[in-house]
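Chains, contacts and geometry: an overview
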Amino acid sequence: MKILVPLKRVADPDNANKIKVIAGKVDTTGLEFKPNPFDEYAVETALRLTENATNTKARLGEVIVVALGPKELDTTLRGALATGADRAIRVDTTDDALDGDLVARVLKAVVEKEAPDLVLIGKQQVEGDSNQVGQLLAEYLGWPQATFAGSIKSEADKALLVSREVDGGTLNLKVTLPAVVSVDLRIVSPQGAKSMHTAATHAYPEGVRFAALMAIMAAKKKPLVEMKLAELVGDASLKVTYGTAELPPPRKAGIKVKSVAELVEKLKTEAKVL
Amino acid sequence: MANTLVIAELHEGKVRKSTLSSITFARQVGGTFSILVLGAGAKAAASEVVVFGAAKVLVADDASLKDYVCERFAPTIAAVAKGGFDTVVVTASSYGKDLAPRVAAKLNAGYAPDISSVHVDGNKRVYRRPMFAGNAYGTCEVQTPVHVVSARQTEFTAAEPSGGASPIESVAVAAPDAASARVEFISLEQGKSERPDLGEARVVVSGGRALKEQFAQVLDPLANLLGAAVGASRAACDAGFAPAELQVGQTGRVVAPALYLAIGISGAIQHLAGMKGSKTIVAINKDGDAPIFQVADYGLVADLFTAVPELVGELKRTVA
Ligand SMILES: Cc1cc2nc3c(=O)[nH]c(=O)nc-3n(C[C@H](O)[C@H](O)[C@H](O)COP(=O)(O)OP(=O)(O)OC[C@H]3O[C@@H](n4cnc5c(N)ncnc54)[C@H](O)[C@@H]3O)c2cc1C
């Protein structure tokens, strides 16, 4: 199976409370860039779907990672190559030249060139939380979509059984490839995703795999090609533009209570919520 | 003048209360609006939303819409939208988030996702939305003639009926996307629960990793007593202590109840993003430095395994 995985980098999400807003613009100076966590999960899922878990060195498919952005994104792409992805594409552009719709249209052009069987994408990038590119891409390609996948099982690489995490439960779909699948958190659980080659009983370690030092060296030799946005889409206009940003209003400082009795008393007489 | 199409979400043959948030959005935008109720059983459910002042309640009821498959629902929404609507709104539930971008792409429309408010200034409309896990708010404008919007349920209070009776009209069900031939709906598994939905509950009792296998044993008596919905942190869900659909946070459900109790939850940025809007927040944690105390109105530094049963006892004694 050939899988395309779009990647984005984000300002360290575990320190998002340290961002500033300067002159109406979000400023993330001082925060390290990290791969968007959901994209890391998508890479892990793609690797699981293109291997037999008992011998992960032998690749049984191809994983292509693709990023849109400036040269610094090569670091993000090399990181994914080091964990096992086979090759990388960077579409040269800058973040403020993009909106979700244009990202989807660029990815469509990449898909048409590469003809993957599957696009695996993070359900959202945790800066904008827009949760849209997978769905837009599916429509532009005329492919089925399965969003918020908490588990994926391959049926002979012709179709995927996808459990979608939805409000109040799980919605199970079977999609025939090619398709777009967006992944949710639980996809990297031990039973989250499995290829047709991996034994049904196999349990993966929780989370994503890390790159060994040797693999980091080897990843430097894996192919990474640069494409120009203008070669992929004729119309680079944006459908949504962003204006000024602001910080959220601060929450009034609370108090510590000394006992359960005091807590109940406060909830009754002060907060009046009981 | 705006003409907005509100997409109702059906659940077990009834219009979900979350739909009322989209109606509030439509009222704020001004002009006129209609409500599209689609799915099997839509005909029967349509009467539930005739009292909100919609120009029309449109119904697409068909066996092909029995189970939710995006590729079957989106074409009908897009076709109806093309009949004179300049805005399509759906509440940002998992249903709305799955559906809205696909509809936007069909309409060649810009999509403003998960917005927290809208500011209308003549012909200009500015959408405000939380970003960076709620640590900043961004504003955006849609540059296309048609706008597709998903509205955050916690930020748009449920619309109250305004009386009258909107006429109900059937609309044609559009041909499904060709891609729908490659999607097979298998099943919808839902936790059966007598409790209110997380998004609608007045009180939410949430538990974290600390609860371990005793998650339900410790929290259920408290939730039952308060008539609360139960929520959980990602760590509790990932570990299997609570089902995934209970996850509250940036990447789970966003809640804003009158009272939120965070029990054995550290208060990671991603968790706070989903509950910071609650009116009153209570935290019970044995670590006095846990970040959850920074947003808690009332913090209790204690072992939850003794504090929660004690709280149940105290509530029974003094409130019930
Ligand atoms: C991409 C991504 C998305 C995420 N999305 C979400 C999300 O939507 N929602 C979410 O919740 N998280 C999310 N997370 C995870 C988040 O970063 C935290 O890891 C998670 O919220 C921690 O859960 P927790 O507070 O239960 O566990 P911990 O951080 O382990 O905290 C447990 C707490 O319990 C306390 N404790 C232990 N024993 C006791 C006791 N006996 N009595 C009282 N207190 C006790 C401890 O002091 C501690 O504060 C996400 C992470 C990533 C990377």
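Residues numbered from 1 in each chain as written. Chains lettered and ligands numbered in written order. Predicted model: local features only at pLDDT ≥ 70, side-chain atom pairs only at ≥ 80, totals over all residues. Heavy atoms only, no water.

**As for the overall build of chain A**
Regarding its fold elements, chain A presents seven helices and 16 strands. Structurally, chain A occupies a C-alpha span of about 65 × 50 × 40 Å along its principal axes. Split into buried and exposed, the 274 residues of chain A put 55% on the buried side. Restricting to contacts in chain A with at least 6 residues of sequence separation, those with at least 24 account for 68%. Surface accessibility of chain A: about 11,500 Å² in total, with carbon and sulfur atoms responsible for 57%. Seen as two clouds, the 37 positive and the 36 negative side-chain charges of chain A have centres 4 Å apart. (Helix = DSSP H or I, 4+ residues; strand = E, 2+ residues; numbered from the N terminus. Buried < 20%, exposed > 50% of the residue type's maximum accessible area, 1.4 Å probe, protein only. Contact = heavy atoms within 4.5 Å. Areas by Shrake-Rupley, 256 points an atom, 1.4 Å probe, with all protein chains shown as cover. Lys, Arg positive; Asp, Glu negative; His and termini not counted. Charge placed at Lys NZ, Arg CZ, Asp CG, Glu CD.)

**Observations concerning the overall build of chain B**
A tally of regular secondary structure across chain B gives eight helices and 18 strands. Expressed as lengths along the three principal axes of its C-alpha atoms, the size of chain B is roughly 60 × 40 × 40 Å. Within chain B, the fraction of its 320 residues that count as buried is 58%. Look at the contacts in chain B between residues 6 or more apart in sequence, and 63% of them connect residues 24 or more apart. When the accessible surface of chain B is totalled, it reaches about 12,100 Å², and 50% of it is carbon and sulfur. Separation between the mean location of the 30 positive side-chain charges and that of the 31 negative ones in chain B comes to 3 Å.

**Quick look at the sheet that holds strand β18 (residues 298–301) of chain B**
As summarised here, the arrangement of the six strands in space is β16(A)-β18(B)-β17(B)-β16(B)-β14(B)-β15(B), forming an open sheet in which the pairing is parallel. A strand with exactly one partner marks an edge of an open sheet, and here the two such strands are β16 (255–257) of chain A together with β15 (229–232) of chain B. Each neighbouring strand pair of the sheet contributes to a mean axis angle of 20°, computed without reference to strand direction. Pairing between strand β17 (residues 280–285) of chain B and β18(B): four bridges, direction parallel. Opposite B:Ala283, over in β18(B), you have B:Gly299 as the bridge partner. The strands that helix α5 (residues 215–226) of chain B touches are β14 (203–207), β15 and β16 (259–263) of chain B; relative to β14(B), the one it contacts most, it runs at about 170°. (Pairing = 2+ DSSP bridges. Axes fitted to C-alpha atoms, helices over the stretch in contact; angles between N-to-C directions.)

**Some remarks on the packing of helix α3 (residues 100–114) of chain A against helix α4 (residues 133–141) of chain A**
All names here are of chain A. Between α3 and α4, the least distance of the axes is 9 Å, while the angle of their chain directions is 50°. Looking at the two axes, α3 sits oblique to α4. Both α3 and α4 take part in a crossing whose hand is right-handed. For the pair α3 and α4, contact is made by Gly100, Asp101, Val103, Ala104, Arg105, Leu107, Lys108 and Val111 and by Val133, Leu136, Leu137, Tyr140 and Leu141, respectively. A class-by-class count of the residues in the contact of α3 with α4 yields nine nonpolar, one polar and three charged. (Parallel < 35°, antiparallel > 145°, perpendicular 65-115°, else oblique. Left-handed = near helix turned anticlockwise from the far one by under 90°. Nonpolar A, V, L, I, M, F, W, Y, C, P; charged D, E, K, R; others polar.)

**Here's the deal with α4(A)**
Along α4(A), nine of the nine residues are buried, which leaves the element largely enclosed by surrounding structure. Regarding α4(A), the residues found buried are A:Val133, A:Gly134, A:Gln135, A:Leu136, A:Leu137, A:Ala138, A:Glu139, A:Tyr140 and A:Leu141. Where α4(A) is buried, its residues meet α3, β8 (118–122), β9 (145–155) and β12 (179–183) of chain A together with α4 (94–107) of chain B. Taken from the residues just after α4(A), A:Gly142 is the one with a positive phi, measuring 70°.

**Side note on the packing of helix α3 (residues 70–81) of chain B against α4(B)**
Helix packing for two helices is described by the angle between their axes and how far apart those axes are. All names here are of chain B. Where α3 contacts α4, the two axes come as close as 9 Å, and the packing angle between them is 50°. Classified by the interaxial angle, the pair formed by α3 and α4 is oblique. The handedness of the crossing between α3 and α4 is right-handed. Two secondary-structure elements touch here, α3 through Cys70, Glu71, Phe73, Ala74, Pro75, Ile77, Ala78 and Ala81 and α4 through Tyr95, Asp98, Leu99, Arg102, Val103, Lys106 and Leu107. The residue makeup of the contact of α3 with α4, split by class, is eleven nonpolar, no polar and four charged.

**Description of the domain arrangement of chain B**
All names here are of chain B. Taken domain by domain, chain B comprises domain 1 (3–182) and domain 2 (203–318). Spacing between the C-alpha centres of domain 1 and domain 2 amounts to 32 Å. Counting residues at the interface gives five residues for domain 1, matched by seven residues for domain 2. A combined buried area of about 520 Å² lies between domain 1 and domain 2, and 53% of that area is made up of carbon and sulfur atoms. At the junction of domain 1 and domain 2, the tally comes to zero salt bridges. Joining domain 1 to domain 2, the criterion identifies one residue pair in polar contact (both at pLDDT 80 or more). (Domains from an automatic or database assignment. Buried area = accessible area lost by both parts, 1.4 Å probe. Salt bridge = Lys/Arg side-chain N within 4 Å of Asp/Glu carboxyl O. Polar contact = N/O pair within 3.5 Å; in protein donor to acceptor, adjacent residues only side chain to side chain.)

**Re the pattern of salt bridges**
Counting across every chain of the model gives 42 salt bridges over all chains. Each of the salt bridges in this network shares a partner with another, and the network as a whole consists of A:Lys71, A:Asp74, A:Arg90, A:Asp92, A:Glu226 and A:Lys228.

**Re the side chain of B:Thr4**
With respect to the helices and strands, the residue B:Thr4 is situated in strand β1 (residues 3–8). Beyond its immediate chain neighbours, meaning those up to four positions away, B:Thr4 contacts B:Phe25, B:Ala26, B:Val29, B:Thr32, B:Phe33, B:Ser34, B:Phe85, B:Thr87 and B:Val89.

**Considerations on unusual backbone geometry**
The omega torsion of the bond from A:Leu177 to A:Pro178 falls at 5°, within 30 degrees of zero and hence cis. Positive phi, close to 55°, is recorded for A:Lys272, a residue that is not glycine. In this fold, A:Lys272 is placed in the segment after α7 (260–269). Even without being glycine, B:Asn108 reaches a positive phi, approximately 55°.

**Digging into the sheet that holds strand β8 (residues 117–121) of chain B**
Ordered in space as β15(A)-β10(B)-β9(B)-β8(B), the four strands form an open sheet in which the pairing is antiparallel. The sheet is open, and its two borders are formed by β15 (240–242) of chain A together with β8 of chain B, each paired with just one other strand. Going from strand to strand, the sheet's axes swing by 30° on average, the running direction of each strand aside. Pairing of β8(B) with strand β9 (residues 124–131) of chain B, which is carried by five bridges, proceeds in the antiparallel orientation. Looking at β9(B), one finds that B:Val120 is bridged to B:Arg125. Helix-sheet contacts for helix α1 (residues 19–29) of chain B involve β8 and β9 of chain B, and the interaxial angle to β8(B) is about 15°.

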